[in-house]
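One letter stands for each residue in the lines below.
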Amino acid sequence: MNMNKNNFKIAPGDRIGILGGGQLGRMLAMTAARLGIKTIIFSEEQNCPAGSVADELVFGSFQDANLLDEFSRKCSVVTYEFENIPLSVVNYIATRSNLYPGRDILAMTQDRLSEKSFLKSLGLPVADFTAVSYEGDIKTYLEKTGAQGLLKTRRQGYDGKGQVQVPDAKKAVECYYEIKEAPAVLEDIVPFEKEFSVIGVRTLDGTFYHYDISDNEHVDGVLKSSVVPTSMPNKLQKQAVSYTKLIAEKLNYVGVIVVEYFLTKDQKILVNEIAPRVHNSGHWTIDACVFDQFEQHIRAICGWPVGCFDRHSNAKMLNLLGDDVSEWHDLVSNPNTTLHIYGKSEMRAGRKMGHATTLEAI
Ligand code: AMP
């Protein structure tokens, strides 16, 4: 039976590929299954959270040419659920399948320096920074600013990994050594009042949509909670949404895009970073909206119309990090709290094991 009546790119019964098998891949696969779309996960971890809910798991190295070929031949559309995928892999896929968001977007967001330079080129406010290719760059910058700085590796950093605070120019060598002398950026430390994010979606026809903004709390660089509604004034919310839209448009983006921001103590907003994928700070949409970020992403990359972005409840999403997951008894005892456990085979301190969202009537 031909299910594709409207020339959408993908119809129920077709297959989408997901690079990465973590919890974001798991939630994408669960949503796709409800829509009758099959998913193939490509993961370097055999017991990955997404593997047990997808139609198929391709397990092995991303660099294995045979596996990569098998995976890309099977999928009509490919997306990714994390950023640290070798560019050679996405280059290969992009020539054989539709890849959303596109290859150039991933290449740019994999490198903090390119990302910050891109944001600056759009005229968007970011924390002042400098590129670091040896310890002298750190010394010179901190001698000039006379303040502390945050050193971040250009690549492979996430959840606060690859970051070290540099107290003053005298500690340049020691701190650079701590990040294994990797190419880096050194940023001013932002005295922020809060952090927040905008979850946007851009469709194949170039229309941009967004959810309500959430206020996010991070502990040691890892997201701990997201709350909607935000307490930010409307004017600042509109400004952040317009920045997110501009970024998505300039990138000719397709799918869910998340932009994380700081609100400074003097009420200015600064862009922190872009996540070219579904995001932890959007998990509240699963329970507080009819159409969550995962469904919007799948619809967008399949060329379908997206659903509505309204929120029917206020929500607080709490990440269950490491041993927090053992509190599941207490969480399920609250009739207004939903529980999401990712099925990870091993618990480690600080690892994202699940989340819980507590809803409140609007
Ligand atoms: P990132 O991986 O860059 O998103 O950083 C993780 C977390 O570290 C952020 O969510 C903030 O809580 C904190 N952080 C990152 N950059 C800065 C900065 N320039 N100033 C203050 N805090 C920061």
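Cut-offs and rules
Residues numbered from 1 in each chain as written. Predicted model: local features only at pLDDT ≥ 70, side-chain atom pairs only at ≥ 80, totals over all residues. Heavy atoms only, no water. 1 Å grid on protein atoms, 1.4 Å probe; cavity = no way out; pocket = protein on both sides within 12 Å on 5 of 7 lines; lining within 4 Å. Points joined across faces, edges and corners; volume = space filled by probe spheres on them. Helix = DSSP H or I, 4+ residues; strand = E, 2+ residues; numbered from the N terminus. Nonpolar A, V, L, I, M, F, W, Y, C, P; charged D, E, K, R; others polar. Axes fitted to C-alpha atoms, helices over the stretch in contact; angles between N-to-C directions. Parallel < 35°, antiparallel > 145°, perpendicular 65-115°, else oblique. Left-handed = near helix turned anticlockwise from the far one by under 90°. Contact = heavy atoms within 4.5 Å. Near = heavy atom within 4 Å. Polar contact = N/O pair within 3.5 Å; in protein donor to acceptor, adjacent residues only side chain to side chain. Areas by Shrake-Rupley, 256 points an atom, 1.4 Å probe, with all protein chains shown as cover.

(A) Structural detail: empty space enclosed by the protein. The final tally for this structure, using the stated rule, is 1 cavity of 30 Å³ or more. Empty space within the largest cavity amounts to approximately 50 Å³. Lining the largest cavity are Arg112, Glu115, Lys116, Leu119, Lys152, Glu187, Asn272 and Glu273. Counting only elements with at least two residues in the lining of the largest cavity, the list comes to helix H5 (112-121) and strand E15 (269-275). Here the element with the most residues in the lining of the largest cavity is H5; it accounts for 4 residues. Tallied by class, the residues present in the lining of the largest cavity amount to 1 nonpolar, 1 polar and 6 charged.

(B) Representation of the packing of helix H1 (residues 23-34) against helix H10 (residues 293-301). One way to put it is that H1 packs onto H10 with a least axis distance of 9 Å and a crossing angle of 70 degrees. The orientation of H1 relative to H10 falls into the category roughly perpendicular. Crossing of H1 against H10: the hand is right-handed. Contact with H1, carried on its side by Leu24, Met27, Leu28, Thr31, Ala32 and Arg34, involves Phe294, Glu295, His297 and Ile298 of H10 and no other residues of that element.

(C) Spotlight on the site of the ligand. Among the 15 residues in the neighbourhood of the ligand, the closest are listed as Lys152, Glu187, Val190, Glu195 and Glu273. Between an oxygen atom of the ligand and a side-chain N or O atom of Lys152, the distance comes to 2.7 Å. Note that an oxygen atom of the ligand is positioned 3.0 Å from one of the side-chain N or O atoms of Asn272. Within the complex, the protein chains bury 91% of what would otherwise be the 470 Å² of accessible surface of the ligand. Where the shell around the ligand is concerned, the elements lending two or more residues are strand E7 (149-153), strand E9 (184-188), strand E10 (192-202) and E15. A per-class count over the shell around the ligand returns 5 nonpolar, 4 polar and 6 charged.

(D) Layout of the side chain of His279. Of note, His279 is situated in the loop between E15 and helix H9 (284-288). Looking at His279, its side chain comes within polar contact range of the side chain of Ser281, at 2.8 Å. In this view, His279 contacts Leu24, Val258, Glu260 and Gln293; residues no more than four positions away in its chain are not counted.

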